[in-house]
Amino acid sequence: MQMKKYCLLLLGLLVCVGKVYSQKNEYHEFRVIFKVNRINIERSFARNDQRMQEIVDFLKELNEDKSMQIVGVNFCGAASPEGSDKLNRWLAKNRLQALEKIIRRGVDIPDSIITRNDSYIPWNYLKTQIEKSDLYYKDEVLAILQEDSVQVKYHGGTQDRRIIRLKGLENGKIWKDLFKRFFTEMRNAYAIITIRRIKIEPIAGFTLPDLVNMPMVMKPCDYTPQWQEPTSPTVWTPKLYLKTNALALGMAISNIGVEADLGKHVSVTLPIYYSAWNYFKSTIKFRTLAIQPEIRYWFSGKNDGLFTGAHIGISYFNFAFDGDYRYQDYKGKTPAIGYGLSIGYRLPISKNNRWKLEFSVGAGYYPIHYDKFHNTPNVKDGLLISDHKKKYWGIDQAAITFSYMFDQKKKGGK
């Protein structure tokens, strides 16, 4: 109160020689992020060192620039929704107090202009982030968040009914994704400091009561600022795909493939093909054991859509087309080995985006050393005629592939 009297006395003296103008309110927001279930501010976590330095610099400016007058301060504490209602309230309250203690240590703020909100889960922030994301079951999640908040008994305590419903989506997988991608930024405390700059000009005619009775407008805690600090990048989860080529299956060639994401835009795939039987008669066969490892570049960071690839092909073969001759890799021990390029497109075909359909075609170069036999009916091996060497340029890949996507698990805990 003493400080307030001195300020009013100083302003009274200024009125004697000039006119005081108040400019529009300015809002300065400062936020810090907390680890799971923590209430102490760790400078090394989530850019808190930079955030704390911004607070220090602002408080220093406040103390040095006497034209800046604090007219309101809102302190807010927030928690992510995975805890119980009781725990979230405790976390939010103590996180608020941790930030308030630091700010009030640096500048004098009267209690009369402070408001606090220590039981706040930032649902609006979560909705906004989900709307901009590629989250699975996105529409279902947003529909749940639009429901009214109702506290129900849950595991010996109380819990928001919306949280229980979110945890039940797809056996908890959606909840885990929310935890990884959004909850870190929700564990925060922030202060909204409202200031008004006082400008003095040498014009008479101003009276002190006009200054004292100026209305002071304060913003509530639960609002979306006009600017936001850059948040941590969305966590990207690499995927694993189990695949089979339907075109090869149509030719009675059994096959299976696996593909793994190496990073955004890059994956590696390994298909294996095997056939050891004739097609209805001994003079028709397309026997093979082949692998074609390929590295792919995806034009979308989601590793879906259009891609190009570079591959190596290795194939043992024994072919006969009901003609006079049968062709087999030299002595049955000399596979064709070559390399090529491919292009393709993959898209989701299920509601949860895990089933995929992929189209691809590729061409390559293969030096081939093979034996030529008489294709004799009802005889296992016809007479050898000759062996040949040639170079093959052409199509070496054609696929209509169905795949199922899994999340790759990371080592370690939270």
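Structure first, text after, so check above.
Predicted model only: the values in this text are computed from it and were never measured. (Residues numbered from 1 in each chain as written. Predicted model: local features only at pLDDT ≥ 70, side-chain atom pairs only at ≥ 80, totals over all residues. Heavy atoms only, no water.)

S.K.: Can you lay out empty space enclosed by the protein for me, pointing to particular residues and giving the numbers?
M.R.: Enumeration over the complete set of coordinates arrives at one cavity of 30 Å³ or more. Space inside the largest cavity adds up to approximately 40 Å³. Considering the residues around the largest cavity, the lining is formed by S282, K285, R326, H374, N375, T376, V379, K380, D381 and G382. Class assignment of the residues belonging to the lining of the largest cavity gives a composition of one nonpolar, five polar and four charged. (1 Å grid on protein atoms, 1.4 Å probe; cavity = no way out; pocket = protein on both sides within 12 Å on 5 of 7 lines; lining within 4 Å. Points joined across faces, edges and corners; volume = space filled by probe spheres on them. Nonpolar A, V, L, I, M, F, W, Y, C, P; charged D, E, K, R; others polar.)

S.K.: Tell me what's going on with the environment of N303, and back it up with residues and numbers.
M.R.: In this fold, N303 is placed in the loop between β13 (294–298) and β14 (305–321). Put simply, N303 and D261 are 42 residues apart on the chain and 7.8 Å apart in space, counted from C-alpha to C-alpha. Here D261 takes part through its side chain, which lies 3.0 Å from a polar atom of the side chain of N303. (Helix = DSSP H or I, 4+ residues; strand = E, 2+ residues; numbered from the N terminus. Polar contact = N/O pair within 3.5 Å; in protein donor to acceptor, adjacent residues only side chain to side chain.)

S.K.: Give a detailed account of the packing of helix α4 (residues 123–131) against helix α5 (residues 138–145), specifying residues and quantitative values.
M.R.: Interaxial distance between α4 and α5 falls to 10 Å at its minimum, and their mutual angle equals 160°. The angle between α4 and α5 places the two elements in the roughly antiparallel class. Pair α4 / α5 crosses with left-handed handedness. In contact with W123, L126, K127, I130 and E131 of α4, α5 contributes K138, V141, L142 and L145. Of the residues belonging to the contact of α4 with α5, the class tally is six nonpolar, no polar and three charged. (Axes fitted to C-alpha atoms, helices over the stretch in contact; angles between N-to-C directions. Parallel < 35°, antiparallel > 145°, perpendicular 65-115°, else oblique. Left-handed = near helix turned anticlockwise from the far one by under 90°. Contact = heavy atoms within 4.5 Å.)

Read these as geometric descriptors, not functional statements.
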